[in-house]
Amino acid sequence: MYVYELFFSQASNAFLAQRIASINAMSAVCESTGADIHEVASAIGSDSRIGSEFLHVGPGFGGKCFHKDLRSLIYLCECMGQPEVASYWQSILDINDFQRRRFSCGIVNTLFSTVTNKCLAVLGFAYKNDTRDTSESPSIGVCKQLLDEGAILNIYDPEVSKDQILQDLLDRSIGQDKAVKRLVVHDDAYSAAENCHALVFCTEWSEFQDLDYNRLYGSMKKPAFLFDGRSFLDHEKLRNIGFDVRTIGKRFSRPPVKRMHALSSV
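Predicted model, so just to flag it, every value in this text is computed and none were measured.

Reading the values: the criteria
Per chain, residue numbering runs from 1 following the sequence as it is written. At least 70 in pLDDT is required for a residue's local features to be given in this predicted model, at least 80 for side-chain atom pairs to be given and counted, and no such filter applies to totals for whole chains, interfaces and linings, which use all residues. Side-chain measures here rest on the full set of heavy atoms in the structure, leaving out hydrogens and waters. Exposure classes here rest on a 1.4 Å probe applied to the protein chains alone. A residue is buried below 20% of its type maximum, exposed above 50%, and partly exposed in between. A run of DSSP states H or I qualifies as a helix once it reaches four residues; a run of E qualifies as a strand once it reaches two. Both are numbered from the N-terminal end. Seen with the strands pointing away from the viewer, any crossover whose path from the first strand over the helix to the second strand runs clockwise is right-handed. The pairing criterion for strands is at least two bridges between them, as found by DSSP. Among the buried residues, those of types Ala, Val, Leu, Ile, Met, Phe, Trp, Tyr and Cys that are joined through side-chain atoms within 4.5 Å form a nonpolar core. Pairs of residues are marked as contacts when any of their non-hydrogen atoms sit within 4.5 Å. Every axis corresponds to a line fitted to the C-alpha atoms, with the helix fit spanning only the stretch in contact, and the corresponding angles, defined between N-to-C directions, vary from 0 to 180 degrees.

**What about the pairing of strand β1 (residues 119-123)?**
Link 1 in the chain: Burial analysis of β1 places five of its five residues in the buried class, the great majority of the element.
Link 2 in the chain: Handedness of the crossover joining β1 and strand β2 (residues 152-156) through helix α5 (residues 138-148) is recorded here as right-handed.
Link 3 in the chain: As paired elements, β1 and strand β4 (residues 198-201) share four bridges and run parallel to each other. Counted as the bridge partner of Val122 is Val200 from β4.

In structure tokens, the structure reads:
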């Protein structure tokens, strides 16, 4: 009986992970076509056959359960002589990794194809809001890739301890001595953002919606970039302040540049 219950749990988590991977895959299509992932998710969720749960985009899913149960299911399929089925469930993990790398690469490409010695404020490190759990958090992969690219990271999370952040990153970083010099954990978002080139949101903490973004913008280097990895902020408001906003699942058209033209002589 226990074996069946365990399999039921694994199957349920695999289906939930599949939904997250599917909406994240769709976000890449939206960015290429100019569609808005929020409108697409709303349309999908309005279909009673599908529903609206677990249709929120991000830099990939985290937590122990999804990864552990997917790997167990893949192993089971391989042992049972079902390589095609194993490959299908493996593709969910592959899409999840792709989404995280896509977000990280987008940051590098936007910052003129290099983040070497550029300071980035990473806001949010837990794998989701309202928890201090960092198990399989996409923030770990994002930060590691940015460190490998030579970035200087200022990290802030309301719940995750400094020791946990350093343990997660330095255990996974190449060249720990170099990495630790380019990594600072802060006690608040404002100190993390000071003199930074960009804000990188990896967790949708509610307090991030209430930050004084005029103050943040004023303390940053210009142009000031903002990468909303959870697509949960008021992008129009942020753009009006002056941020160059990038988010998952939506492509912004740049506002027209106002140029002063000299009067031609008569």
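**Here we look at the nonpolar core**
Link 1 in the chain: If you look at the biggest cluster of nonpolar residues, it comprises 62 residues, and the most contacted ones within it are Leu153, Leu199, Tyr213 and Phe243.
Link 2 in the chain: Filtering out sequence-adjacent residues up to four positions away, Tyr213 remains in contact with Leu199, Phe201, Phe208, Leu226, Leu233, Leu238, Ile241 and Phe243.
Link 3 in the chain: Counting 14 residues, the second-largest nonpolar core is a separate cluster that includes Ala17, Ile20, Trp89 and Leu93.

**Some words on the sheet that holds β1**
Link 1 in the chain: With parallel pairing, the six strands of this open sheet are ordered in space as β3-β2-β1-β4-β5-β6. The open sheet has two free edges, formed respectively by β3 (183-185) and β6 (244-247), since each of these has just one partner strand. For this sheet, the mean inter-axis angle between neighbouring strands, taken without regard to orientation, is 20 degrees.
Link 2 in the chain: Pairing of β4 with strand β5 (residues 225-228), which is carried by four bridges, proceeds in the parallel orientation. Bridging across to β5, Phe201 finds its partner in Asp228.
Link 3 in the chain: Those strands touched by helix α4 (residues 83-110) are β1, β4, β5 and β6, and its axis lies near 165 degrees from that of β5.
Link 4 in the chain: This element, helix α6 (residues 162-170), spans β2 and β3 of the sheet and lies at about 155 degrees to β3.

**A short note on the pairing of β6**
Link 1 in the chain: Here four bridges tie β5 to β6, and the two strands are oriented parallel to one another. Pairing of Phe227 across the sheet is with Arg246, part of β6.
Link 2 in the chain: The parallel pair β5 and β6 is bridged by helix α10 (residues 235-241), and the resulting crossover is right-handed.

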